[in-house]
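Fold and geometry: a report
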Amino acid sequence: MNTALLERVKAHILEEARDERGPFKVGPFKVPPRASMALIPRTICLLAGKRTSSYERAARKLLAITPDDAIKLFYAFAWPNDLRRRYDRAMNRGEVAQVIAERIDRFIEEHQG
């Protein structure tokens, strides 16, 4: 698994959350704050310099993770219950970004053997 890339993604999302207005900016794209399934894979591709029409597949390959692991990372419905509840209740970009960052941290921990 490409842990270094995931750490960069987490840092980028947290930095983007500093501006509380509007959607997250991922390169030329604007992603709604609660769209984890778009935000995480698009940020992975942006930081890796990968242009594609299938962000999820490309991000999965860049991270070297399985399709099942991609679902567990990219989709909030597949996150641990406590994170999913906090994500659903998040009121601003900062809260959303913090929950996503925690999901990334847990994902890395789960895959470090």
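In what follows, the structure referred to is the one given above.
Report on the accompanying structure. Model, not experiment: these values are computed from the prediction.

This part takes up the overall build of the chain. Counting its regular elements, the chain contains 6 helices and 2 strands. Reading the helices (α) and strands (β) of the chain from amino to carboxyl end gives α-β-β-α-α-α-α-α. Split into buried and exposed, the 113 residues of the chain put 37% on the buried side. Summed over all atoms, the accessible surface of the chain reaches about 6200 Å², with 50% contributed by carbon and sulfur.

In this structure, Ile104 sits in helix H6 (residues 93-110). When its relative accessible area of 0% is taken as the criterion, Ile104 is described as buried. When the C-alpha positions of Ile104 and Phe74 are compared, they lie 9.5 Å apart, and in sequence the two are 30 residues distant. Dropping the residues within four chain positions of it, Ile104 is found in contact with Leu6, Val9, Lys10 and Leu73.

This part covers the packing of helix H1 (residues 3-16) against H6. Angle between the axes and distance between the axes: these two values describe a pair of packed helices. Here H1 crosses H6 at 170°, and the two axes come no closer than 8 Å. Here H1 lies roughly antiparallel to H6, going by the angle between them. Side by side, H1 and H6 meet where Thr3, Leu6, Glu7, Val9, Lys10, Ile13, Leu14 and Glu16 of the first sit next to Arg93, Ala97, Gln98, Ile100, Ala101, Ile104, Asp105, Phe107 and Ile108 of the second. Tallied by class, residues from the contact of H1 with H6 come to 10 nonpolar, 2 polar and 5 charged.

As a further point, take the packing of aromatic side chains. What the rule picks out here adds up to 2 aromatic pairs. Look at Trp79 and Tyr87: their rings are 5.1 Å apart centre to centre, the planes differ by 65°, and that puts the pair in the edge-to-face class. Tyr87 shares its class with Trp79; the two are buried.

What follows covers helix H3 (residues 55-63). Looking at H3, one finds that the buried residues are Tyr55, Ala58, Ala59, Arg60 and Leu63. The positive-phi residue at the C-terminal boundary of H3 is Ala64, with phi of around 60°.

Rules behind the numbers
Residues numbered from 1 in each chain as written. Predicted model: local features only at pLDDT ≥ 70, side-chain atom pairs only at ≥ 80, totals over all residues. Heavy atoms only, no water. Helix = DSSP H or I, 4+ residues; strand = E, 2+ residues; numbered from the N terminus. Buried < 20%, exposed > 50% of the residue type's maximum accessible area, 1.4 Å probe, protein only. Areas by Shrake-Rupley, 256 points an atom, 1.4 Å probe, with all protein chains shown as cover. Contact = heavy atoms within 4.5 Å. Axes fitted to C-alpha atoms, helices over the stretch in contact; angles between N-to-C directions. Parallel < 35°, antiparallel > 145°, perpendicular 65-115°, else oblique. Nonpolar A, V, L, I, M, F, W, Y, C, P; charged D, E, K, R; others polar. Phe/Tyr/Trp six-rings, centres within 6.5 Å; stacked < 30°, edge-to-face > 60°.

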